[in-house]
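# Structure at a glance
Listed below are the residues making up each chain.
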Amino acid sequence: MMKAGELRDAYLNFFRSKQHTIVSSAPMVIKNDPTLMFTNAGMNQFKDIFLGNQAPAHNRVANSQKCLRVSGKHNDLEEVGLDTYHHTMFEMLGNWSFGDYFKKEAIEWAWEFLTRQLNIPEERLYSTVFEGSAEEDVPRDDEAAEYWKGCFRNPENHIIEGSKKDNFWEMGETGPCGPCSEIHVDIRPDSERRDKPGHLLVNKGHPHVIEIWNLVFIQYNRKAGGELEQLPARHVDTGMGFERLCMVIQGKKSNYDTDIFLPIISGTASVTGKSYGKEERWDIAHRVIADHLRTVAFSIADGQMPSNNRAGYVIRRILRRAVRYGYTSLEMSEPFIYKLVPELISVMGRHYPELTAQQEIISRVIFEEEQAFLKTLGKGLKMIERQVAALKNEGKDLFPGSDAFELFDTYGFPVDLTQLILRENSMRLDIDEYNRELSAQKVRSRDDATITAGDWTVVHDADTTVFTGYDRTEETVHIARYRKVNVRGKEVVHLVFDRTPFYAESGGQVGDKGHISSGVEVIVITDTIKENNLTIHIAEKVPSEPSRIFTAVVDHAARHQTANNHTATHLMHHALRHILGKHVEQKGSLVTPDKLRFDFSHFSQVTPGEIAAVEQMVNDMIMKNIPSEVVDETPMEEALAMGAMALFGEKYGEKVRVVSFGESVELCGGTHVENTSSIGLFKIISEGAVAAGVRRIEAVTGRGALAYINDRLKTLEEITVMLRSTGNPAANVSKLIAENGALRHTIEKMEGAAAASSRRELEQNAVALDACNLYSGVVPDVSAETLKNIAHQLRQSDGRCAVIIGSENDGKASLLVCFGDEVVKTTSLNAVDIIKSAAPEINGGGGGQPFLATAGGKKPEGLRNAIGKAVALVTDRAGNVKK
RNA sequence: GGGGAAUUAGCUCAGUUGGCCAGAGCACCUGCCUUGCACGCAGGGGGUCAAGGGUUCGACUCCCUUAUUCUCCA
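Residues numbered from 1 in each chain as written. Chains lettered and ligands numbered in written order. Predicted model: local features only at pLDDT ≥ 70, side-chain atom pairs only at ≥ 80, totals over all residues. Heavy atoms only, no water.

The next subject is the pairing of strand β26 (residues 655–661). Where burial is concerned, most of β26 is hidden: 6 out of the 7 residues are buried. By the bridge criterion, 5 bridges tie strand β25 (residues 629–635) to β26 in an arrangement that is antiparallel. Its bridge partner being in β26, Thr634 is matched across the sheet by Val656. Bridge count for β26 against strand β27 (residues 664–667) is 4 bridges, and the pairing is antiparallel. Paired with Val659 across the two strands is Glu666, which belongs to β27. (Buried < 20%, exposed > 50% of the residue type's maximum accessible area, 1.4 Å probe, protein only. Helix = DSSP H or I, 4+ residues; strand = E, 2+ residues; numbered from the N terminus. Pairing = 2+ DSSP bridges.)

See below:
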């Protein structure tokens, strides 16, 4: 039986023999593209070629691409695992022609590979061709059909016409598109095939009559108005699902039965003690876990950690879904998925070395995520149990949907688990209410996120934007095109130039700011971004005369600080690897004019000593006046030979730019200083954890570093002045803290003593009434806090006490009324009533609880009257004075 | 990007419409009893209730701002 690895090699070797260049898989996680978070098809990395924004490096290319799909018509996350053929992550085998071969070769080679190399019997194969569309004025794809006829010995019923839905491929609303031809395979047993011929089941959702390969022939361009125009250069884009192909070749009925998944599933079985193929709900869980583990591990290897927004959040959700299935179906309440990483690596590690290299960090991150989610589950369980108990007390059995939604929305407790627990308690969930709340939230979010982009207005023909910003910050430019974009009611303008000195946000370095001027007006550029290989300058308004010649000027000071910070990032990266070890890998980077932030893999805290050593080393490199050496357009192999490190999860072209400062050698497209001395000074301002196994350092350079240090020194100076100390301020402060503690102790004791003596005085002057013993009077100059103290002491010693005391403190009056427990129980006396009647005398108000009430006021002279009034009220209600 | 929530002792968390001097368990210290598998008993230390404003006689509690974290939607 052909193994998965051999099959992948066979495919790549086959197309190599047809003069294709084999390229490596692009990262699965896409950075710097707001429109797409993950690679979802093999053609993603060639998008710019199809759009005409970039010239192809090779005319024929083939690869195996790791892809991730979590939404779309056939890939709803909640469906994965329930059946045997959906996945979140999958590999796509693809071959491409950029303006080179077309339908004939694409079809014949596909046929040759499947029938001669893989020996799939041709009677099990079916192909589809586009039936044509009168509405679009596109004819039936006779050309493709002809070539297919040449392939099949018996073409009858094996070439099927398909509609626009299945057989016309479009990249988006606008852009390149064309008819496609799919290849389907029927893997049913012979008996079933005799009963019902396969051509009746093509594209009918049958799990064993499936599409394995889609050949797209790009020959049109769809314009904004909807009409199609012929493209000058025609392309081929094909994609074949690798997992499905394995299933076919290995004679299995399920993708999960191939050697891609089985080792992981048997790993899960042995860890959980629940074997595969015994019980349906166990099997679903096994499939979910195997699929999701793959996705999450690959994502982490690409540098995307689970987190709480965007791509990171998608990854977190996928992992949590796996934990949830493990928890409910396999009864795993402890982290276990991280233990399966070695099995995954045994399957995928050879072709994807980024997995093997980062095994430790992958396991740790997964472990930590599992633990965190199990904790949220525990919390949710507690909350739900409390609510269930409350409802049961009221004799209700309908659990409110809004509560279930709150559990899900605020605490991340999945609704299916809520339902499971409710069933166990013979209760039911108001699912309609839940769904209403959920869709209300969706509407709210969608309304807020709408961005409407207008059509481009072309001013000047220019294929690409030439970037001249490495050498200069000023440039004479033409506006090539512009459009208006509406972001939440605010209108901004996108400008594209023929050439530009503006650096577009990329590789962690933020986009340049600045302005353009034409002599008649000045337009401010607030940011520069990259979209589909276009450099877009964001401006506040459209120039009144866009066709004029403009001078584009980058904010020089900001650019210079950014360059300082970017170069410093390289130096620090080098220093970290030197001091902490070679396991340090960049996991993220942000470079702004103000500061730099660098995330990297490291498994323990960076000690203050190590921080100091890194800082020292970077500053040494700054002081050595190391000049930059930049090599543009170097082939990747040469760059690697120069000692440059390629980052996992980063997409590189064939030719790369290498930036070196002495021993620091990096692949980088950013702007840098000419000499390290320009940085001036480097200072680390914080170090911390950002995820399991990932640390983050923030630092400042140049003027920023100086400002930071001066600020700290100023604080120190202020402290020294305040301490009037000439010696060591730290020693002085610690002495002060110790003294302060001792003083507080003394004060507490003295206040206690004062309270005790006031209490004794009150006790001596107490008056016994029928229902209580009245303690009243003015206590000289104590805080409301001390009054409370006295009252509490009296309450504890005398359950029949009625305390009415007041004091003047800081020019304000405080008043307190307090009753012993017995008084509260046996009489109608209420401290709140009394205090409310008496408080006006001191020009204030108050309140409290029946046994204790306090009031404050601004008129201390009224204190005696207030106490008198309160005493009168109490005596009145509690009977006469006993002689 | 938008909504919801959280932040209280070294750790895990209680704290009811604003007022019983801010609590429990674990950990720590002291003593006793015991010598062992989360020992037990008695006592003790430890808090700017995330930060900053505001409302109030009075704020852990209500309002606003900020920070951090969690969570859902996009």
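Examined against the element boundaries, Thr468 turns out to sit in the loop between β14 (466–467) and β15 (474–477). The buried category is assigned to Thr468, whose relative accessible area is 10%.

Before going further, it helps to examine helix α13 (residues 359–393). Side chains three or four residues apart in an α-helix point the same way, a direct result of the helix having 3.6 residues per turn. For α13, built from 35 residues, the straight-helix expectation of 51 Å at 1.5 Å per residue is met to within 8% by its first-to-last C-alpha distance of 51 Å. Where α13 terminates, the next one or two residues include Gly395, which has phi positive at roughly 75°. (Expected span 1.5 Å × (residues − 1).)

A word on the sheet that holds strand β28 (residues 682–691). Ordered in space as β23-β24-β29-β28, the 4 strands form an open sheet in which the pairing is antiparallel. At either end of the open sheet lies a strand with only one pairing partner, and these are β23 (586–591) and β28. In this sheet, neighbouring strand axes are inclined to one another by 15° on average, regardless of whether the strands run parallel or antiparallel. Strand direction decides the pairing type here: strand β24 (residues 596–601) and strand β29 (residues 694–701), joined by 6 bridges, are antiparallel. For Asp599, the partnering residue across the bridge sits in β29 and is Arg696. (Axes fitted to C-alpha atoms, helices over the stretch in contact; angles between N-to-C directions.)

Okay, the pairing of strand β5 (residues 159–162) next. Side chains on a regular strand alternate between the two faces of the sheet. In the sheet, strand β4 (residues 125–130) pairs with β5 via 4 bridges, with the strands oriented parallel. Note on β5: the bridge partner recorded for Ser127 is Ile159. On the question of chirality, the crossover connecting β4 to the parallel β5 by way of helix α4 (residues 142–151) is right-handed. (Right-handed = clockwise from strand over helix to strand, strands pointing away.)

This part is about the sheet that holds strand β35 (residues 852–857). Strand order in the open sheet formed by 6 strands is β30-β31-β32-β33-β35-β34, and the pairing between neighbours is mixed. Of all the strands in the sheet, the pair left with one neighbour each is β30 (767–768) and β34 (844–849). Bridge count between β34 and β35: 6 bridges; the pairing is antiparallel. If you follow Gly844 over to β35, its bridge partner there is Gly857. Along the sheet, helix α24 (residues 831–838) makes contact with β33 (812–819), β34 and β35, crossing β33 at roughly 155°. The strands touched by helix α25 (residues 863–878) are β31 (773–778), β32 (801–809) and β33; relative to β32, the strand with the most contacts, the crossing angle is about 170°. (Contact = heavy atoms within 4.5 Å.)

Moving on to the protein's contact with RNA strand B. In the vicinity of RNA strand B there are 33 residues, among which Tyr313, Arg316, Arg320, Asp409 and Asn789 approach most closely. Sugar and phosphate atoms represent 59% of those atoms of RNA strand B found within 4 Å of the protein. Within the contact set of RNA strand B, a phosphate oxygen lies 2.7 Å away from a side-chain nitrogen or oxygen of Lys788. Between a sugar or linking oxygen of RNA strand B and a main-chain N or O atom of Gly856, the distance comes to 3.1 Å. (Near = heavy atom within 4 Å. Polar contact = N/O pair within 3.5 Å; in protein donor to acceptor, adjacent residues only side chain to side chain.)

Here we take up the packing of α13 against helix α14 (residues 401–411). Running from N to C, α13 and α14 point in directions that differ by 160°, and their axes come no closer than 11 Å. What the angle tells us is that α13 and α14 run roughly antiparallel. The hand of the α13/α14 crossing is right-handed. On α14, the residues that touch Thr376, Gly380, Met383, Ile384 and Gln387 of α13 are Asp403, Leu407 and Tyr411. Split into classes, the residues belonging to the contact of α13 with α14 amount to 4 nonpolar, 3 polar and 1 charged. (Parallel < 35°, antiparallel > 145°, perpendicular 65-115°, else oblique. Left-handed = near helix turned anticlockwise from the far one by under 90°. Nonpolar A, V, L, I, M, F, W, Y, C, P; charged D, E, K, R; others polar.)

Right, let's get into the environment of Ser307. Its place among the elements puts Ser307 in the loop between α9 (280–301) and α10 (310–329). Judged by its relative accessible area of 21%, Ser307 falls in the partly exposed class. Sequence spacing of Ser307 and Arg194 is 113 residues, and the spatial spacing of their C-alpha atoms is 52 Å. For Ser307, the contacting residues outside a window of four places in its chain are Gly312, Tyr313 and Arg316.

What follows covers the confidence of the model for chain A. For chain A, per-residue confidence averages 87 on the pLDDT scale, and 96% of positions sit at 70 or higher. For this predicted complex, the interface confidence reaches an ipTM of 0.82, while the overall pTM sits at 0.80. (pLDDT = per-residue confidence, 0-100.)

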